[in-house]
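Chain and residue survey
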Amino acid sequence: MLSSTDPIAPINQPSINEPQIDELRPKPLNKWLIIAGFSVLLGVNQFLWLTFATIVISTQAHFGVSEFLANLLTLMFPIVFVLLAIHSGKILDNMGYKKVVSCAALLMLGGAVVRWLGAEHYWVVFIGQLLIAIAQPYITNAINQVTADWFDKSQIATVTGVIMGGMFLATALGAFASPPLIAALGFSGMLLINVVVTAIAVAGFLLVIAEKPRQHHLAISLREVESLLHNKRLWMISITIFIAMGYFNGLSNWIAPILAPRGVDEATAGVITAMLILGGILGALVIPLLSDKLQKRRLFLLIATVVGAIATYPLLYMTSGISTLVVSFILGFFLLAGYPLLIAAAEDTVHPTQAAKAVAMLMMLGNLGGVVMVLTMQAVKGVTNSWPPAGWVLIIAVACAIFFVLQIKDRPTNNPINRPLEQ
């Protein structure tokens, strides 16, 4: 196994008669077009995930099922993601993102069609939702590969921020689009609109996607893959994203009951959540750009966690009216912008051939964090018989994240070819 300081073996220079790698690269219309196609596909996957998140009561009534089964259509996604995260990372690194994400996109489209065809039958819709959930890690975990393939390391956080900004927008649409669509078109009509949107996204992705030739001589062994588990910096990043995604899931799931004692109804809580996501979209575009310009990750991650620790208390327990919306926007602007920075920091940490596995590790722990935080807050509510104390779980968690962020030291911009395989 390579040591923490040993670079990978040097690559032999091609002879004068061998084609240069640049000559073999495809000539896409525009690398930003590739990013746009991937971002829309990723966003639509998020959109489909949250189809039933805000219509639990309607779903129960439509299918005649329990609250648990209605919720399971949404809750299955983080569970499936955790189960398939590592496998998806290995497949992406071994086969490349063009083939894998294309197959996942078609699987996602198939799932959307199955949901529509079985709109009157719960278990048919369940199967369709399961197909979409299976596709998710094979799409999401390609983020680092797609960005690193077409952009310099100094631009990674900026490009990732653009992708994540689109994902946050799709998350907001997915959470709030279903009720008005059902009111206008009915349950089946709502699912048909989902099919049309998915078909457009998949077709657009397949038309624009391109991948640079893979350098097979850089392939890594199973032993070197396992070295990721001994990478301290990657673990600090992973634990931080475990807390961050847990925070977002916990807040978005339970903000309505936590605010209810202050006279905030579900509709207003939805607006507050929308302001949080809107702030996150803007922050994901601005803060990673500054991070790339200054080549600083830890500084902006530290700002994000400190603002999160400070702003959560007034959001949940003190503010009212316009001030609540302002605090929510500020919280989203700084805290949600930390997601693309964490993904970019992971890319800084590992060799390019390990990028998908590193992101898989992050996303696996992030989704696990979402499940753990939601259940922990529900457990606190059960013990105290009140929702407001559960908000302290969020405050304590994001405060703890400050310690882990301080362990994530900035890395200088290096040629990725000379980056060691394990740190």
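Residues numbered from 1 in each chain as written. Predicted model: local features only at pLDDT ≥ 70, side-chain atom pairs only at ≥ 80, totals over all residues. Heavy atoms only, no water.

Each helix and strand counted, the protein has 16 helices and zero strands in total. A buried classification covers 52% of the 423 residues belonging to the protein. Pairs at least 24 apart in sequence give 85% of the contacts found in the protein among residues at least 6 apart. Approximately 18100 Å² of the protein is accessible, and the part contributed by carbon and sulfur atoms is 69%. (Helix = DSSP H or I, 4+ residues; strand = E, 2+ residues; numbered from the N terminus. Buried < 20%, exposed > 50% of the residue type's maximum accessible area, 1.4 Å probe, protein only. Contact = heavy atoms within 4.5 Å. Areas by Shrake-Rupley, 256 points an atom, 1.4 Å probe, with all protein chains shown as cover.)

Attention now goes to the pattern of salt bridges. Tallying each qualifying case throughout the model produces one salt bridge. Note that Asp 292 and Arg 297 form a salt bridge whose closest N and O atoms lie 3.2 Å from each other. The same class applies to Asp 292 and to Arg 297, which are both buried. (Salt bridge = Lys/Arg side-chain N within 4 Å of Asp/Glu carboxyl O.)

Time to look at the confidence of the model for the protein. Per-residue pLDDT for the protein averages 82, and the proportion of residues at 70 or more is 86%. Least confident of the elements in the protein is helix H1 (residues 21–24), whose mean pLDDT is 43; most confident is helix H5 (residues 97–117), at 96. In this model, residues 1–26 is a region of pLDDT below 50 whose contacts with residues beyond four sequence positions or in other chains number 35 contacts. Contacts for the low-pLDDT stretch residues 216–222, under 50 throughout, to residues beyond four places or in other chains number 12 contacts. (pLDDT = per-residue confidence, 0-100.)

With that settled, the discussion passes to the packing of helix H2 (residues 31–49) against H5. In contact at an axis separation of 11 Å, H2 and H5 are set at 35° when each is read in the N-to-C sense. Every pair of crossing elements has a handedness; the one defined by H2 and H5 is left-handed. Contacts between H2 and H5 involve Phe 38, Leu 41, Val 44, Asn 45 and Leu 48 from the former and Val 101, Ala 105, Met 108, Ala 112 and Arg 115 from the latter. Classifying every residue of the contact of H2 with H5 gives eight nonpolar, one polar and one charged. (Axes fitted to C-alpha atoms, helices over the stretch in contact; angles between N-to-C directions. Left-handed = near helix turned anticlockwise from the far one by under 90°. Nonpolar A, V, L, I, M, F, W, Y, C, P; charged D, E, K, R; others polar.)

Within the secondary structure layout, Gln 378 lies in helix H15 (residues 355–384). Between the C-alpha atoms of Gln 378 and Gly 250, which are 128 residues apart in sequence, the distance is 9.3 Å. Not counting chain neighbours up to four residues away, the residues in contact with Gln 378 comprise Trp 254 and Trp 387.

Helix length check: helix H8 (residues 156–208) (53 residues) gives 20 Å between terminal C-alpha atoms against 78 Å at 1.5 Å per residue, more than 12% under. In the structure, H8 departs most strongly from a straight axis at Leu 185, where the bend amounts to approximately 120°. (Expected span 1.5 Å × (residues − 1). Bend = angle between axes of the 7 residues up to and from the residue.)

Its location among the elements puts Thr 147 in helix H7 (residues 143–150). We classify Thr 147 as buried; its relative accessible area is 0%. Among the polar contacts made by the side chain of Thr 147, one reaches the main-chain carbonyl oxygen of Ile 143 at a distance of 3.0 Å. If near-sequence neighbours (up to four positions away) are discounted, Thr 147 is found in contact with Ile 35, Ile 156, Val 159, Thr 160 and Ile 163. (Polar contact = N/O pair within 3.5 Å; in protein donor to acceptor, adjacent residues only side chain to side chain.)

Counting across every chain of the model gives 15 aromatic pairs. Relative to Phe 126, the ring of Trp 123 lies with its centre 5.2 Å away and its plane at 65°, an arrangement referred to as edge-to-face. Taken together, the residues span about one helical turn, with Trp 123 and Phe 126 both in helix H6 (residues 122–140) at a distance of three residues. A network of ring pairs unites the aromatic residues Phe 52, Phe 63, Tyr 122, Trp 123, Phe 126 and Phe 187 as a single cluster. (Phe/Tyr/Trp six-rings, centres within 6.5 Å; stacked < 30°, edge-to-face > 60°.)

A separate point is a nonpolar patch on the surface. Judged by side-chain polarity, Trp 32, Val 162, Leu 282, Leu 285, Val 286 and Leu 290 come together as a nonpolar surface patch covering roughly 450 Å² of accessible area. Along the chain, the position of Val 286 falls in helix H11 (residues 266–294). (Patch = residues over 30% accessible without salt bridge, like charges linked within 9 Å, V, L, I, M, F, W, Y side chains within 5 Å.)

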